[in-house]
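Coordinate analysis (summary)
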Amino acid sequence: MSNFSSQLRLSSSLLKHLKHQINATSSTTSASAAAMMFERRSFTTTEGSRPTIVHKRSIDILHDPWFNKGTAFSMTERDRLDLRGLLPPTVMSSQQQIERFMVDLKRLEVQARDGPSDPNALAKWRILNRLHDRNETMYYKVLIENIEEYAPIVYTPTVGLVCQNYSGLFRRPRGMYFSAEDRGEMMSMVYNWPADQVDMIVVTDGSRILGLGDLGVQGIGITIGKLDLYVAAAGINPQRVLPVMIDVGTNNERLLKDPLYLGLQEHRLDGEEYISVVDEFMEAVFTRWPHVIVQFEDFQSKWAFNLLQRYRNTYRMFNDDVQGTAGVAIAGLLGAVRAQGKPMIDFPKQKIVVAGAGSAGIGVVNAARKTMARMLGNTESAFESASSQFWVVDANGLITEERTNIDPQALPFARKAKEVGHQGLREGASLVEVVQQIKPDVLLGLSAVGGLFSKEVLEALKGSTSTRPAIFAMSNPTKNAECTPEEAFSVLGDQLIFASGSPFNDVKFGDGVIGHCNQGNNMYLFPGIGLGTLLSGSRIISDGMLQAAAECLAAYMKDDEVLKGIIYPSISRYIRLDLTESVATFYLVFGLIYY
Ligand SMILES: NC(=O)c1ccc[n+]([C@@H]2O[C@H](COP(=O)([O-])OP(=O)(O)OC[C@H]3O[C@@H](n4cnc5c(N)ncnc54)[C@H](O)[C@@H]3O)[C@@H](O)[C@H]2O)c1
Ligand SMILES: O=C(O)C[C@H](O)C(=O)O
Ligand SMILES: [Mg+2]
């Protein structure tokens, strides 16, 4: 009977079938309970309703152009055909699908102009994506062999543009979607994924994609891009990775009104309701794959910290924006100390101004303070003294204890009012004022505000007491960088140490002198953290392990490179696996000791 139930009987010739597919007003009629997978589609009224019996299940249907209806599968069809969770939650009519396709087709040129400096970036992404759909082995070979050219396409910055346009670009689904509508169903839905083993999940709720804000369900693009790097850099089996989108709505007013949007068109769930959805997702995936590692990606700050605290001692999980970014920043900060010709142990003397007090900024300050305190002996006074090396500036200026309604995450870094008074500063002082008064060694941006390090700020940094001041303009994608390397080097000269979150070209000064633009991106750590966790079998991911990974990345750079201002490896070294392997090994050996 079950064989019978999964048989496909074409209603008429293939030609007719395709013709009807186009005109179809799809309706579903449930068949008998025994033949529960029996699917009926009514075609034209003249032909009446004819049954279509599907041989296939689940993802195989979506990959079969004869039967795939994509987002037009109704909820009952999704349930009967094991498709639930394999498509974005909104059910579209075939007419809406065509409209979506046509809008996308017509706006290709406009979209490409919106984005990064490469006008063909989006077209390249489409070609690579089609290859990914057709032949995964070939896709990863092409990516690995040309990583320098295509990492910026499948990952930052182009992936940001892809997410912004995802509803139009959507062709074949990739990964799983769990929505607020799926409450109570996730434990069974998770079995719709075809792989029996999953090693790595990257999950987002789309609430803060790069520096582009709330992109709702379209944020799935970033999880796919991160997992591409897991495969390329850490050699994770592509059949064992799973990108996931948790769709709890969006607060993006444009998407709420966009008829082509693929996600839930309602405001985001909040509070306990939100947490219960994420709890259910975690329980479901860890029930089916108890050894999976879950990387949380691009959750807005309040949930990034909250969920990390909630799950970190129970599940194998980490937050890339909070913890991965912190590790990469620490490695870069230690590199900047060495570039001054000083030993790393001098790090606790660095004065660091951080613009941005979100998940990334606070993650960095937290970890950098711990690193300094450890270098100073890990006592309470070491911790106190480390705290005094940071000045944190957010959208409302310098954060001091006088701030009303201070974010609890930022509270430990609020400066004492009296102390900043002595430094010529006050609550809410502007970034320029802070840089002028403090004369920092390092100016680090995780604000998502493009151009924040204006000419005035850069001029102020000329007063730095360091022989080689450092700028980390870490916000993504390209247009959100706090400044470009050209802007920075033209004001501060060739002794500046510079890193940006998205890739930029080096700056040439003439006479062979180069201002190096390092890419300070968490991509240098997350694949190693995932691989190290997988190989070690560690039950959780501890601070000590992450610290070990950061130290490994810092030590990876040789003295002669660092003195030239090269503080991170090039992307081509990244892919040769030696970096990720050493991060993973170091993490494994020393991480377990710290742990
Ligand atoms: N390079 C990397 O590896 C990396 C990693 C993680 C995040 N990021 C980038 O960091 C940025 C921030 O991410 P997040 O999760 O912390 O975001 P977030 O929205 O949680 O935080 C942004 C912070 O910037 C502050 N801010 C806004 N305007 C400001 C201004 N004019 N001056 C100073 N501060 C200002 C906000 O008050 C907030 O504290 C994003 O662009 C993201 O792409 C980069
Ligand atoms: O995705 C990136 O390029 C880095 C980081 O995770 C970010 O959110 O910007
Ligand atoms: Mg991120």
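Residues numbered from 1 in each chain as written. Chains lettered and ligands numbered in written order. Predicted model: local features only at pLDDT ≥ 70, side-chain atom pairs only at ≥ 80, totals over all residues. Heavy atoms only, no water.

The chain appears in an unreviewed UniProt entry as Malic enzyme from Aquilegia coerulea.

**Looking at the UniProt feature "binding site: (S)-malate" (unreviewed entry) in the chain**
How we decide: UniProt positions are given in the numbering used here, feature names are shortened, and annotations may be inferred rather than shown by experiment. Only heavy atoms enter the contact rule, under which two residues are in contact if any of them lie within 4.5 Å. What qualifies as a polar contact is a pair of N or O atoms within 3.5 Å, subject to a donor-acceptor requirement within protein and to the restriction that residues adjacent in sequence count only when both atoms come from side chains. Secondary structure is summarised from DSSP: a helix means a run of H or I of at least four residues, a strand means a run of E of at least two, and numbering begins at the N terminus for each. Exposure categories follow from relative accessible area, calculated using a 1.4 Å probe and restricted to protein chains: below 20% of the type maximum is buried, above 50% is exposed, and the middle band is partly exposed.
When the UniProt feature table is mapped onto this chain numbering, "binding site: (S)-malate" (unreviewed entry) sits at Arg208, Asn476 and Asn521. Not counting residues within four places of it along the chain, the set of residues in contact with arginine 208 comprises Gly213, Asp298, Phe299, Gln300, Asp321 and Ser359. Among the polar contacts listed, one links the side chain of arginine 208 to the side chain of aspartate 298, at a separation of 3.0 Å. Mapped onto the fold, asparagine 521 is located in the loop between strand E16 (517-519) and helix H24 (526-536). Under the relative-accessibility criterion, asparagine 521 is labelled buried at 3%. Among residues more than four places away in sequence, those in contact with asparagine 521 are Tyr155, Thr156, Val328, Asn476 and Gly501.

**Structural notes on the side chain of threonine 325**
Its location among the elements puts threonine 325 in helix H17 (residues 320-339). Overall, threonine 325 belongs to the buried group, its relative accessible area being 7%.

**What to know about the site of ligand 1**
Note the following rule: Whether a residue is near a molecule or strand is decided by its heavy atoms; if any one of them lies within 4 Å of it, the residue is near. All amino acids are sorted into three groups, where Ala, Val, Leu, Ile, Met, Phe, Trp, Tyr, Cys and Pro are nonpolar, Asp, Glu, Lys and Arg are charged, and the leftover types, Gly among them, are polar.
Neighbouring residues of ligand 1: 26 residues in total, closest Arg208, Ser301, Ala357, Ser359 and Asn522. Serine 359 is positioned with one of its side-chain polar atoms (N or O) 2.6 Å from an oxygen atom of ligand 1. Backbone polar atom of methionine 474 to a nitrogen atom of ligand 1: 3.0 Å apart, as the coordinates give it. Of the residues that constitute the shell around ligand 1, the class distribution is ten nonpolar, 13 polar and three charged.

**Here we look at the environment of isoleucine 59**
Tracing the backbone through its elements, the reader meets isoleucine 59 in helix H3 (residues 58-62). The buried category is assigned to isoleucine 59, whose relative accessible area is 17%. Separated by 27 residues in the primary sequence, isoleucine 59 and leucine 86 have C-alpha atoms spaced 7.3 Å apart.

**Some remarks on the sheet that holds strand E5 (residues 241-247)**
Rules: Paired strands, in this sense, are two strands between which DSSP finds at least two bridges. Angular values range over 0 to 180 degrees, each being the angle between N-to-C directions of two axes fitted as lines to C-alpha atoms, with helices fitted over their stretch in contact.
Strand order across the open sheet formed by five strands is E3-E5-E4-E6-E7, with parallel pairing between neighbours. Strands with a single pairing partner mark the edges of an open sheet, and in this sheet they are strand E3 (176-179) and strand E7 (317-319). Averaged over all neighbouring strand pairs, the angle between strand axes comes to 20°, with direction disregarded. Where strand E4 (residues 200-204) meets E5, five bridges bridge the pair, whose relative direction is parallel. Note that in E5 the partner of isoleucine 201 across the bridge is leucine 242. Contacts from helix H15 (residues 271-288) reach E3, E4, E5, strand E6 (293-296) and E7, with the element oriented near 150° to E6.

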